[in-house]
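Okay, here's what each chain looks like letter by letter:
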Amino acid sequence: MQATRFEYSYRYAIHGLLFFLGFAFYWIPGARESTWLTLTFWLDRTGWLGMSTSTNALLILAILVATLGALLRTWGTAYLGSNIVQSHAMHGNSVLADGPYRRTRNPLYLGTFLHTLALALLTSPYGALFIIATIGLLQLRLIFAEEPFLAQKIGVPYLDYCKLVPRIVPSLIPRVAASGQRPHWLQAVLGEIYMIGVALSFAIFGWRYNAFLLTKCVVIALGASLIVRALRPNRDQAT
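Just so it is clear, the model here is predicted, and its values are computed rather than measured. (Residues numbered from 1 in each chain as written. Predicted model: local features only at pLDDT ≥ 70, side-chain atom pairs only at ≥ 80, totals over all residues. Heavy atoms only, no water.)

Caption draft 1: Local environment of the packing of helix α4 (residues 51–80) against helix α10 (residues 193–205). Viewed as axis vectors pointing N to C, α4 and α10 meet at an angle of 160 degrees, and their least axial separation amounts to 8 Å. Considered as vectors, α4 and α10 are oriented roughly antiparallel to each other. Pair α4 / α10 crosses with left-handed handedness. On the side of α4, the interface is formed by Leu59, Ala62, Ile63, Ala66, Thr67, Ala70, Arg73 and Thr74, while α10 contributes Met195, Ile196, Ala199, Phe202 and Ala203. (Axes fitted to C-alpha atoms, helices over the stretch in contact; angles between N-to-C directions. Helix = DSSP H or I, 4+ residues; strand = E, 2+ residues; numbered from the N terminus. Parallel < 35°, antiparallel > 145°, perpendicular 65-115°, else oblique. Left-handed = near helix turned anticlockwise from the far one by under 90°. Contact = heavy atoms within 4.5 Å.)

Structural data, given as structure tokens:
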């Protein structure tokens, strides 16, 4: 169940490939409507919600999960450091018990999965099922690869931390005392510019009710993030 070293090193590229394949399901005959539109028609036909209400309800849901995903990743990156977040190697010299890490051990992976739920509305129903299943499985494989590594590197303090802090679903209250790590918000925002860009795209352009327009916004946000990453020096060095 653990991710291989290759999977961990190239996890960003693998995420990108899975998202690309999910959107490629549009080319399957009979699957060229977005999940957003498909769910809207289904809710209308079942009588649960009218067409207009269901369209807006799904958009609001997408805005919420995309925003929450971006906030979680930015919050976590501010404490962990974008260099470590984007590194090809695992790092672990001490227990990080600040920011979201006081409530969940994996805010970054949780944020990515919430982001996936938002993007799923833009793909076809087959594509939505594909990316939710594959991205979810990949997050678990990455988590199960990191945990034994951190347990070996840090030892008892990390095992004690795991007993108190949930693996994925956040606790409503902090489960451990803060360790005093200072957040670095600017580098976190730059490091998570893709997630932030997608959340802003849903919030600003979602009201145009155009899945194709939002997909283009996602591609633009991805391009901006790749440019920022290319310009940032020493990305694989810990800070």
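Let us keep going from here.
Caption draft 2: Local environment of unusual backbone geometry. The phi dihedral of tyrosine 209 falls on the positive side, at around 55 degrees, and the residue is not glycine. With respect to the element layout, tyrosine 209 can be found in the loop between α10 and α11 (211–231).

Caption draft 3: Quick look at the packing of aromatic side chains. If you walk through the whole model with that rule in mind, you get seven aromatic pairs. Their ring planes at 40 degrees and their centres at 5.4 Å tell us that phenylalanine 25 and phenylalanine 130 sit as a pair that is tilted. Taken together, the residues phenylalanine 25 in the loop between α2 (11–24) and α3 (35–46) and phenylalanine 130 in helix α7 (residues 125–154) connect sequence positions 105 residues apart. By relative accessible area, phenylalanine 25 is classed as partly exposed at 21%. A centroid spacing of 6.3 Å and a plane angle of 50 degrees characterise the contact between tryptophan 36 and tyrosine 209, whose relative ring orientation is tilted. Of this pair, tryptophan 36 sits in helix α3 while tyrosine 209 sits in the loop between α10 and α11; the two residues are 173 residues apart in sequence, bridging distant segments of the chain. Look at tyrosine 209 and you get partly exposed, because its relative accessible area is 41%. Through a chain of ring-to-ring contacts, three or more aromatic side chains come together here, namely Trp36, Trp207 and Tyr209. (Phe/Tyr/Trp six-rings, centres within 6.5 Å; stacked < 30°, edge-to-face > 60°. Buried < 20%, exposed > 50% of the residue type's maximum accessible area, 1.4 Å probe, protein only.)

Caption draft 4: Broad picture of the pattern of salt bridges. According to the stated counting rule, one finds four salt bridges in the structure shown. Among the salt bridges present, the one from arginine 141 reaches glutamate 7, with a minimum N-O distance of 2.6 Å. Within this pair, whereas arginine 141 is found in helix α7, its partner glutamate 7 is found in helix α1 (residues 5–9), the two being separated by 134 residues in sequence. The salt bridge partner of arginine 73 is glutamate 192, with a shortest N-O separation of 2.8 Å. Note that arginine 73 is positioned in helix α4 and glutamate 192 in the loop between α9 (185–191) and α10, a separation of 119 residues in sequence. A single burial state applies to arginine 73 and to glutamate 192, both of which are buried. Here the residues in one salt-bridge network are Arg105, Glu147 and Arg167, joined through shared partners. (Salt bridge = Lys/Arg side-chain N within 4 Å of Asp/Glu carboxyl O.)

Caption draft 5: Region of interest: the side chain of asparagine 106. Along the chain, asparagine 106 falls in the loop between α5 (82–85) and α6 (107–120). With near-sequence residues (within four places) excluded, asparagine 106 lies in contact with Ile143, Glu146 and Arg167.

The quantities given are spatial measurements derived from coordinates; they are silent on function.
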